[in-house]
Amino acid sequence: MHFLDQAKIYLRSGAGGPGAVSFRREKYIEYGGPDGGNGGKGGDIVFEAVQGLNTLIDFRYAQHFKARRGMHGQGKNQTGAGADDLVIEVPVGTQVLSEDKEEVLADFTEVGQRVTFLEGGMGGRGNASYKSSTNRAPRQHQPGMPGEEMWVWLRLKLLADVGLLGLPNAGKSTFINQVTNTQAKVGEYAFTTLVPKLGVVRHKGREFVLADIPGLIAGAAEGKGIGDRFLGHIERCRVLIHLIDIAGTDPADAFRTVNAELEAYGEGLADKPQLVALNKLDLADSELGEGFAEELLAAGADEVFQVSGATGAGMDVLLDAVLGYLPDRTATETKASEVEDATEDAQGWSPL
């Protein structure tokens, strides 16, 4: 499945149906009178966050969403049928932005969250509603109210508990493959990760979601490399794991480069708790690792962990530290509990 995290779409709610002009003509009824019914309401545009989606790729092939209009009124005081709402399903973590991207109009952070975004037009009045003691045969009626329309941007920010970042070739793909079943692509060249990846980590009876984003380079805020467009996917993380290649360029420089890009991006990323991990410990001795750790501490790191994504060395200590930043129950654990409870209810009670 292709990954797409931004899409521009056109929305239009349904117009209301027109009211009817009609008069009763029935045998044995001496005075007929008006009996035109009102028009039906137009369909609303509704957004709903659903489970099982993690990309906006569907909106590449369908950009126009128009709800149906309400039916017109009819004689015998029959009100026209209202149109069904048009429900647009989006992944959890989707934001709806104004056309100029300056305002967040809706933010979907939970499964099942629904927002009526554009309301359909009200149906017009039929001539029966205009009847009065002085206007016994009205012929006026109302057309339905028009629907609302607008262009909006959809922007997806993946929901994860922990974010993984670093320079290209820092070993992020190997790391996430070691602690999850993501099976991310691994290669001996830069930018093997082109789109964000999600994986579920299970450690000491806990579960949390880990997000891996493409590597950052100096100047990413100005669009160099893949740029910083994917940093939005770790904005909602509680803690960041900053991987640094122990066998690459100077670790202290790598640490400062990535943090400078976080600072340039803004949105509070530079202020998030950050666990610095010297990766590829299998390619260096412990003495070199200790020396680099001291340099990183001098560069501003709070604590440095020495790990190996290839062998798994040091992973338990790092993941123990991650658990300290998580709530009592993550969203993944809450969903798992709900599924277990539903299974128990379905089985029912049995004395055996």
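Residues numbered from 1 in each chain as written. Predicted model: local features only at pLDDT ≥ 70, side-chain atom pairs only at ≥ 80, totals over all residues. Heavy atoms only, no water.

## Quick word on the overall build of the protein chain
The condition that has to hold: Segments assigned H or I by DSSP are reported as helices when at least four residues long, segments assigned E as strands when at least two residues long, and all are numbered from the N terminus. C-alpha atoms define the radius of gyration, and 2.2 Å times the number of residues to the power 0.38 defines the globule rule. When accessible area is computed with a 1.4 Å probe and restricted to protein chains, residues below 20% of their type maximum are described as buried, those above 50% as exposed, and intermediate ones as partly exposed. Contacts are assigned to residue pairs with any non-hydrogen atoms lying within 4.5 Å of each other. Positive charges are assigned to Lys and Arg, negative charges to Asp and Glu, while His and the chain termini are left out of the count. Charge positions are represented by NZ for Lys, CZ for Arg, CG for Asp and CD for Glu.
The helix and strand tally for the protein chain stands at six helices and 14 strands. The C-alpha atoms of the protein chain give 29 Å as radius of gyration, which overshoots the globular expectation for 352 residues (20 Å, by more than 25%). For the protein chain, the C-alpha atoms occupy an extent of roughly 105 × 65 × 30 Å along the three principal directions. A total of 352 residues make up the protein chain; the buried ones form 44% of that total. The long-range share in the protein chain, meaning contacts at least 24 apart out of those at least 6 apart in sequence, stands at 74%. Between the mean site of the 34 positive side-chain charges and the mean site of the 50 negative ones, the protein chain shows a separation of 17 Å.

## Examining the pattern of salt bridges
Threshold: Salt bridges are defined as contacts in which a side-chain nitrogen from Lys or Arg sits within 4 Å of a carboxyl oxygen from Asp or Glu.
Counted under the stated rule, the structure contains 10 salt bridges. The residue Arg-24 makes a salt bridge to Glu-26 at a minimum N-O spacing of 3.3 Å. The shortest N-O distance in the salt bridge between Glu-207 and Arg-202 comes to 3.1 Å. For Arg-202, a relative accessible area of 57% puts it in the exposed group.

## Topic: the packing of helix α2 (residues 172-179) against helix α5 (residues 315-323)
Any two packed helices are characterised by the angle at which their axes cross and by the distance between the axes. How we decide: Interaxial angles span 0 to 180 degrees and are taken between N-to-C directions of axes, which are lines fitted to C-alpha atoms, for helices over the stretch in contact. Note that the term roughly parallel is reserved for angles under 35 degrees, roughly antiparallel for angles over 145, roughly perpendicular for angles of 65 to 115, and oblique for everything else. Ten residues, namely Ala, Val, Leu, Ile, Met, Phe, Trp, Tyr, Cys and Pro, are considered nonpolar, four, namely Asp, Glu, Lys and Arg, are considered charged, and the remaining ones, Gly among them, are considered polar.
Two numbers describe how α2 lies on α5: the axes approach to 12 Å, and their chain directions differ by 85°. Comparing their axes, α5 and α2 come out roughly perpendicular. Contacts between α2 and α5 involve Phe-175, Gln-178 and Val-179 from the former and Met-315, Leu-318 and Leu-319 from the latter. Counted by class, the contact of α2 with α5 contains five nonpolar, one polar and no charged residues.

## Comments concerning the sheet that holds strand β4 (residues 86-91)
Operational definition: When DSSP finds two or more bridges between a pair of strands, those strands are recorded as paired.
With respect to topology, three strands assemble into an open sheet ordered β4-β2-β7, the strand pairing being mixed. Because the sheet does not close on itself, it has two edges, and the strands there are β4 and β7 (114-118). Geometrically, the sheet is characterised by an average inter-axis angle of 30° between neighbouring strands, direction not taken into account. Note that strand β2 (residues 45-50) and β7 share four bridges and pair antiparallel. Counted as the bridge partner of Ile-45 is Leu-118 from β7.

## Points about empty space enclosed by the protein
Heads up, the rule is: Residues are said to line a cavity or pocket when one of their atoms sits within 4 Å of a point; the points come from a 1 Å grid over protein atoms alone, cavities being sets where a 1.4 Å probe fits but cannot get out and pockets being open sets with protein on both sides within 12 Å along at least five of seven lines. Grid points are joined across faces, edges and corners, and a volume is the space filled by probe spheres set on the points.
For the coordinates displayed, the defined rule picks out one cavity of 30 Å³ or more. Approximately 30 Å³ is the volume found for the largest cavity. Together, Ile-213, Pro-214, Leu-216, Gly-227, Asp-228, Arg-229, Phe-230 and Leu-231 line the largest cavity. Split into classes, the residues belonging to the lining of the largest cavity amount to five nonpolar, one polar and two charged.

## Regarding the nonpolar core
Inclusion rule: By nonpolar core is meant a set of buried Ala, Val, Leu, Ile, Met, Phe, Trp, Tyr and Cys residues that side-chain atoms within 4.5 Å join together.
Formed by 52 residues in total, the largest nonpolar core has its most connected members in Leu-11, Phe-47 and Phe-59. The greatest single-element share of this core, amounting to four residues, is contributed by helix α3 (residues 251-265). With near-sequence residues (within four places) excluded, Phe-47 lies in contact with Ile-9, Leu-11, Ile-88, Val-90, Val-96, Phe-108, Gln-113, Arg-114, Val-115, Phe-117 and Leu-154. If you look at the next biggest cluster of nonpolar residues, it comprises 23 residues, including Ile-176, Leu-210, Val-239 and Leu-275.

## Some words on the environment of Asp-328
As for its position among the elements, Asp-328 is in the loop between α5 and α6 (331-347). Distance in space between the C-alpha atoms of Asp-328 and Leu-194 is 33 Å, their sequence separation being 134 residues.

## Things to note about unusual backbone geometry
Although it is not a glycine, Lys-76 sits at a positive phi angle of roughly 60°. Structurally, Lys-76 can be placed in the loop between β3 (64-66) and β4. The backbone of Glu-267 shows a phi angle near 60°, a positive value even though the residue is not glycine. Along the polypeptide, Glu-267 turns up in the loop between α3 and β13 (274-279). On the basis of relative accessibility, which here comes to 57%, the residue Glu-267 falls in the exposed class.

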